[in-house]
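Remarks on the overall topology
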Amino acid sequence: MAENKNPSLNNFTFQRNVAIIGIIFFLAKLLAWHFTNSDAVFSDAMESIVNIIAAFMGLYSLYLAAKPKDFDHPYGHGKVEFITSGVEGALIIFAGVIIIVQSVDSLLHGNIPKQLDWGIWIVAATAVVNYLMGHISHQKGIRENSLVLQSSGKHLKSDTVTTLGVVISLVLVQLTKLYWIDAVVALLFGSYIMFVGYKIIRKSLSGIMDEADLGMLENLSKFLNENRERQWIDIHNMRIQQHGSGLHIDAHLTLPWYYELRKAHKEMEDVYKLIANNTDRTIEFNFHLDDCKSFSCEICELYECPVRQNTFVKKVEWNKKTIAQVDKHSVED
């Protein structure tokens, strides 16, 4: 069963605008470099090339992620977001390397910037707009659970930090005439964006490898525990996969063995609805129904059960560990 809540298909249009603005920023920074002959401005312009490539890769991934399931892709195309996000992180690291190499070269051989006032105003203007776009993209990505928009937003904001570093270095060089400041500031911020790129790659790899989201499991178990019915003897072996902005949830639900098929299916549907109504994601469910065994009596709160074989001992509190546990054959101490 899938609960459709129409995930953000309009993300494609937003990412397209980000790509177009990236091209405009790149041209503006090239103009600033032409005026200033600053190594830091040149490095910032080169980093903008990465922004453009990453934006168009994100655009393509959102196009694929929005495509419906088909015979060849029964789980949809959402996983592509993790791949493109990882590539974007790698490009960010590459941009940091470019900046560092350029900065070291400038320190070794020296470079004298010129017409710094023009460069300051042009680069500062791109920094302001870039940050606003990055903030909007990141917040939109969080709201709509799009890793592409989140990583794109982080990329734009990290680019803003490096751009501000360029502005600061240009101002300091203009005031002090210490030309090495230009290269040192660029070197520091090149290292910073390499760290940002690493974090993006780390997150994309966790998605590709279906790393357990303990926070999500904790939230799911909390409201399941607060709204559980007595006949839901146990929920375990829960697995959560992310596909684009949607989720795929597998789990085992233990019910009384004597429930006829229609009643058991209704209980399973009730669990689906409870999860779907407390989650802002599109969810595809695949639950397996387990019939209760004799050892289940120890944790079953159906005290009036006509076929009880063992005395009730203890209620199992659902949490991120118990609902993810593969199986439970006895009461946990």
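Attention in this report is confined to the structure presented alongside it. Nothing here was measured: the structure is a model prediction, and the numbers come from that model. (Residues numbered from 1 in each chain as written. Predicted model: local features only at pLDDT ≥ 70, side-chain atom pairs only at ≥ 80, totals over all residues. Heavy atoms only, no water.)

A word on the side chain of His138
What counts here: A run of H or I in DSSP becomes a helix once it reaches four residues, and a run of E becomes a strand once it reaches two; helices and strands are each numbered from the N terminus. Only protein chains enter the accessibility calculation, which uses a 1.4 Å probe; a residue whose area is less than 20% of its type maximum is buried, one above 50% is exposed, and one in between is partly exposed. Two residues form a contact once any of their heavy atoms are found within 4.5 Å.
Inspection of the secondary structure assignment puts His138 in helix α4 (residues 116-143). According to the relative accessible area criterion, His138 is buried, its value standing at 12%. Apart from residues lying up to four places away in sequence, His138 is in contact with Leu149, Gln150, Gly153, Lys154 and Lys157.

Some remarks on helix α8 (residues 261-277)
Quick reminder: α-helices carry 3.6 residues per turn. Residues three or four places apart thus point the same way. Quick reminder of the rule: One less than the number of residues in a helix, times 1.5 Å, gives the span that helix is expected to have. Within 3.5 Å is the distance limit for a polar contact, defined as a pair of N or O atoms, with the added protein rule that one can donate a hydrogen and the other accept it, and that residues adjacent in sequence qualify only through two side-chain atoms.
With 17 residues, α8 ought to run about 24 Å at 1.5 Å a step, and its terminal C-alpha atoms sit 24 Å apart, in line with that. Where α8 begins, the capping side chain belongs to Glu260, and its oxygen is found 3.0 Å from the backbone nitrogen of Arg262.

So, the pattern of salt bridges
Formally: What counts as a salt bridge is simple: a side-chain nitrogen of Lys or Arg found within 4 Å of a carboxyl oxygen of Asp or Glu.
In total, this model carries four salt bridges according to the counting rule given. Across the pair Glu304 and Arg230 runs a salt bridge, and its minimum N-O distance is 3.0 Å. One end of the pair, Glu304, is in the segment after β4 (283-291); the other, Arg230, is in the loop between α7 (214-226) and β2 (234-243), and 74 residues separate them in sequence. The partner of Asp270 in a salt bridge is Lys266, with the nearest N and O atoms 3.0 Å apart. With Asp270 and Lys266 both in helix α8 and four residues apart, this pair spans about one turn of that helix. Residue Asp270 is classed as partly exposed on the basis of its relative accessible area, which comes to 26%.

Concerning the environment of Ser103
Along the chain, Ser103 falls in helix α3 (residues 80-109). Take Ser103: its relative accessible area is 2%, and that puts it in the buried class. The spacing of Ser103 and Ala186 is 83 residues in sequence and 6.2 Å in space, taken between C-alpha atoms. In this structure, Ser103 is in contact with Ala183, Ala186 and Leu187, ignoring residues within four places of it in sequence.

Comments concerning the packing of aromatic side chains
Selection rule: Stacked, tilted and edge-to-face pairs are distinguished by plane angle, under 30 degrees for stacked and over 60 for edge-to-face with tilted covering the rest, among Phe, Tyr and Trp rings (Trp via its six-membered ring) whose centres lie within 6.5 Å. Any Lys NZ or Arg CZ that is within 6 Å of a ring centre and within 35 degrees of that ring's normal is treated as a charge sitting over the ring.
All told, the structure shown has eight aromatic pairs when counted by the stated rule. With a centroid separation of 5.7 Å and an interplanar angle of 85°, the aromatic rings of Trp257 and Tyr258 are classed as edge-to-face. A relative accessible area of 47% means that Trp257 is categorised as partly exposed. Taking the relative accessible area as the measure of exposure, Tyr258 reaches 33% and is therefore partly exposed. Cluster of aromatic residues (ring-pair linked, three or more members): Trp257, Tyr258 and Tyr259. Over the face of the ring belonging to Trp318 we find Arg228, whose NZ or CZ atom lies 3.7 Å from the ring centre.

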